[in-house]
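Spelled out, the chains give:
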2 protein chains.
Amino acid sequence: MELKIGLIGCGTVGTGLLEILEKKSDYLKEQYDFEAQIVAISDRLKGSILIPEGLDIKRLLSLLNEGKRIDQYYGEGKTAELIEPLDMIEKCEADVIAELTYTDIETGEPATGYIKKALRTGKHVVTSNKGPAALYYSELRKMADQNNLFFRIEGTVMSGTPVFSLFETGLAGNEIREVKGILNGTTNFILTKMELDNMDYAEALKLAQKLGYAEADPTADVEGYDAVAKIVILTNVLLEGGLTPVNVRREGITSLTREQILAAKAQGFRYKLIAQTRKAGDNIEASVSPQKLPLSDPLAGIMGTQNALTFDLDLMGKVTIQGAGAGKIETGYSILSDILAIHQRLKR
Amino acid sequence: MELKIGLIGCGTVGTGLLEILEKKSDYLKEQYDFEAQIVAISDRLKGSILIPEGLDIKRLLSLLNEGKRIDQYYGEGKTAELIEPLDMIEKCEADVIAELTYTDIETGEPATGYIKKALRTGKHVVTSNKGPAALYYSELRKMADQNNLFFRIEGTVMSGTPVFSLFETGLAGNEIREVKGILNGTTNFILTKMELDNMDYAEALKLAQKLGYAEADPTADVEGYDAVAKIVILTNVLLEGGLTPVNVRREGITSLTREQILAAKAQGFRYKLIAQTRKAGDNIEASVSPQKLPLSDPLAGIMGTQNALTFDLDLMGKVTIQGAGAGKIETGYSILSDILAIHQRLKR
């Protein structure tokens, strides 16, 4: 079965998705009877394209790899007027809109507006954008449900490492006592370097920046804001809570010293930046803070930029999944994974 | 939607399943629109019961807890002639047969015969029995496919910790480079005790036996036969291989000494009994053997009776899932998990 896909935003994640679709089209057809047609792209910087019959992904990728604009696809030297995202969503005949613009965790815009437009015009939505998911998940999910559409957000937490779909399928029937994870690869990398390579915080941060794991302004990672957004999303999706980021107790890693880390190590403990959430009666207790874990904790062994999440469940007890938390292909895959989930449901 | 279920075998796993269904019927109805009716049970030791309208699970469980026969359900002191499994499968009107008899890894019987009978009479099959899965998976799966039926085996590897359903849904689209895991809790417990509590092999085995983790004759666990059966199942399901247990290179943990384990520890390594499989051209390389893992390996941190599996994937790289590998409720849950997966597919 074929699905028509429109991309709103075509940066790293969009390119990752296109590369996967290009490389694996035969495999996806053969194994899952899945064919993707990219029928629309709108990117404010790179231009737009609307091709109802679906475009040649290989040709588009070679333009993108040469740093050219998307509308060069219509022909060398030609340019086309930008079809703005909202117009593109309305106009195109996509089955699924992949919302891949930048995250604004304060407002959730412009992504939330794009998602609403897509749901209003009868299109399923998949996104790895934390803004809409952290701020408006319940509202958007309700809109989707009312219109018999899917709104899926696998990539918002741990990139393509399955978290939401794991709970939805492989762990179905379990109730959650607690969810606890290492959801930020940058801070986990810094803590790993401070412990194993004996760096101080400033050195480790500098190395993370050099390797592209940390931004020039590392605040969102090191002060815990990124992990807060993710624990809010996990809470609202898995515990049906109504949290926003301000409800979460937050402490970053900037005041942790190498001395504290080494003292913990000597006692058989390891510092990790832990995001956790659980129901306590009618309330939800959610927090992000550095914690001294015993080495027997499954999260204590997660090193470098890896992410991991432990579900504590009424039937299965603790189940932990570990994998990549970022990356072009990994986050591109999160979008494919959600699209395949929609495809499997529509097929039946 | 209601599913009618027949249990063939009603030992630990069957009781675990019944306890879950009893405790969580409201939750399953509300969250998944799932209702289970147990319409038939046949257990060679405990007797049989055939109740087309579905039985009162609570009442049955109290009989089982008192050590009474299943046919006492018809009334105190009454007995009924045993309806043999094959007759019961034919006679009952179950949608799904849960095959829960004992594992015979040499012949796969009598379970394989029961499964074939169920598939021939139009019933889906779920099982945690390693015999049929290790010896006849391809044949049984083909039979199921041809009859438009499901044959699911989540509980054969890592009890209810999702492995097959994880690959089927949350990791869909990935191709496997290698699968590698700690699939036997008994040997992992013994190795953990030898390393952390400085026991020798005989002491650690004795403790495992005392705690009920190891059998009086521990051969199947400590010589690696149990892990071999599981890696065969993983190979045949995930890599579409045609292995049988004799194709797997096998080495147990009985010749490992505490000295070797402590020497490895001093070098920053840890011994684990690793089951692994991968395609190498047209061949499959599968093995079970003790390996010295660097502590950075996600499997190195798996302690005690826990199990874990690492998928090495073309898109996502390494994804590791860790959880229980055995237990009454955990294996009972594996059966529920497969039944819920069937339910979700039939509902649409």
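What counts as what
Residues numbered from 1 in each chain as written. Chains lettered and ligands numbered in written order. Predicted model: local features only at pLDDT ≥ 70, side-chain atom pairs only at ≥ 80, totals over all residues. Heavy atoms only, no water. Least-squares fit on C-alpha atoms with pLDDT ≥ 70 in both. Contact = heavy atoms within 4.5 Å. Axes fitted to C-alpha atoms, helices over the stretch in contact; angles between N-to-C directions. Helix = DSSP H or I, 4+ residues; strand = E, 2+ residues; numbered from the N terminus. Parallel < 35°, antiparallel > 145°, perpendicular 65-115°, else oblique. Left-handed = near helix turned anticlockwise from the far one by under 90°. Nonpolar A, V, L, I, M, F, W, Y, C, P; charged D, E, K, R; others polar. Disulfide = S-S within 2.5 Å. Buried < 20%, exposed > 50% of the residue type's maximum accessible area, 1.4 Å probe, protein only. Pairing = 2+ DSSP bridges. Salt bridge = Lys/Arg side-chain N within 4 Å of Asp/Glu carboxyl O.

Caption draft 1: Looking closely at the relation of the copies chain B and chain A. The transform that puts chain B on chain A rotates by 180° and translates by 0.0 Å along the axis, for an RMSD of 0.0 Å. One copy is carried onto the other by what is essentially a two-fold rotation axis. No C-alpha of chain B lies nearer the rotation axis than that of isoleucine 321 of chain B, which sits 2.3 Å from it. Both copies present the same face, since 100% of the interface residues in chain B are matched by interface residues at the equivalent positions in chain A.

Caption draft 2: Geometry of the packing of helix H7 (residues 185–196) of chain A against helix H8 (residues 201–210) of chain A. Residue and element names in this part refer to chain A. Between H7 and H8, whose axes approach to 9 Å, the crossing angle comes to 130°. One way to sum up the angle between H7 and H8 is to call them oblique. Here H7 runs over H8; the crossing is right-handed. Residues Phe189, Ile190, Lys193 and Met194 of H7 pack against Tyr201, Ala204, Leu205, Leu207 and Ala208 of H8. Looking at the contact of H7 with H8, its residues break down into eight nonpolar, no polar and one charged.

Caption draft 3: Region of interest: the state of the cysteines. All names here are of chain A. Inspection of the entire model under this criterion finds zero disulfides over all chains. Cysteine 10 forms no disulfide, and the closest cysteine sulfur to it belongs to cysteine 92, at a distance of 14 Å. Taking the relative accessible area as the measure of exposure, cysteine 10 reaches 0% and is therefore buried.

Caption draft 4: View of the sheet that holds strand E7 (residues 176–182) of chain B. Pairing is mixed across the open sheet formed by twelve strands, whose spatial order is E8(A)-E10(A)-E9(A)-E7(A)-E11(A)-E12(A)-E12(B)-E11(B)-E7(B)-E9(B)-E10(B)-E8(B). Two strands bound the open sheet, and with one partner strand each, they are strand E8 (249–250) of chain A together with strand E8 (249–250) of chain B. Pairing analysis gives three bridges linking E7 of chain B to strand E9 (residues 269–280) of chain B, with the strands arranged antiparallel. What sits directly across from lysine 180 of chain B, in E9 of chain B, is glutamine 276 of chain B.

Caption draft 5: Summary view of the sheet that holds strand E1 (residues 2–8) of chain A. Residue and element names in this part refer to chain A. Read from one edge to the other, the open sheet built from six strands follows the order E3-E2-E1-E4-E5-E6, with strand pairing classed as mixed. Both outer strands of the open sheet, strand E3 (47–50) and strand E6 (151–152), are each paired with one neighbouring strand and no more. Against the sheet, helix H1 (residues 12–32) touches E1 and strand E2 (35–43), its axis set at about 165° to E2.

Caption draft 6: Fine view of the pattern of salt bridges. Residue and element names in this part refer to chain A. Taken as a whole and judged by the stated rule, the model has 44 salt bridges over all chains. For glutamate 168, the salt bridge is made with arginine 152, and the minimal N-O distance between the two is 3.0 Å. Remark: arginine 152 occurs in strand E6 and glutamate 168 occurs in helix H6 (residues 164–170); sequence separation between them is 16 residues. Accessibility expressed as a relative area gives 30% for glutamate 168, which makes it partly exposed. Residue glutamate 195 is joined to arginine 270 by a salt bridge in which the shortest nitrogen-to-oxygen separation is 3.0 Å. Pair noted here: glutamate 195 is in helix H7 and arginine 270 is in strand E9 (residues 269–280), with a separation of 75 residues, a long-range link. Under the relative-accessibility criterion, arginine 270 is labelled buried at 15%. Bridged by salt links that share partners, the residues Arg152, Glu168, Asp338 and Arg345 form one connected network.

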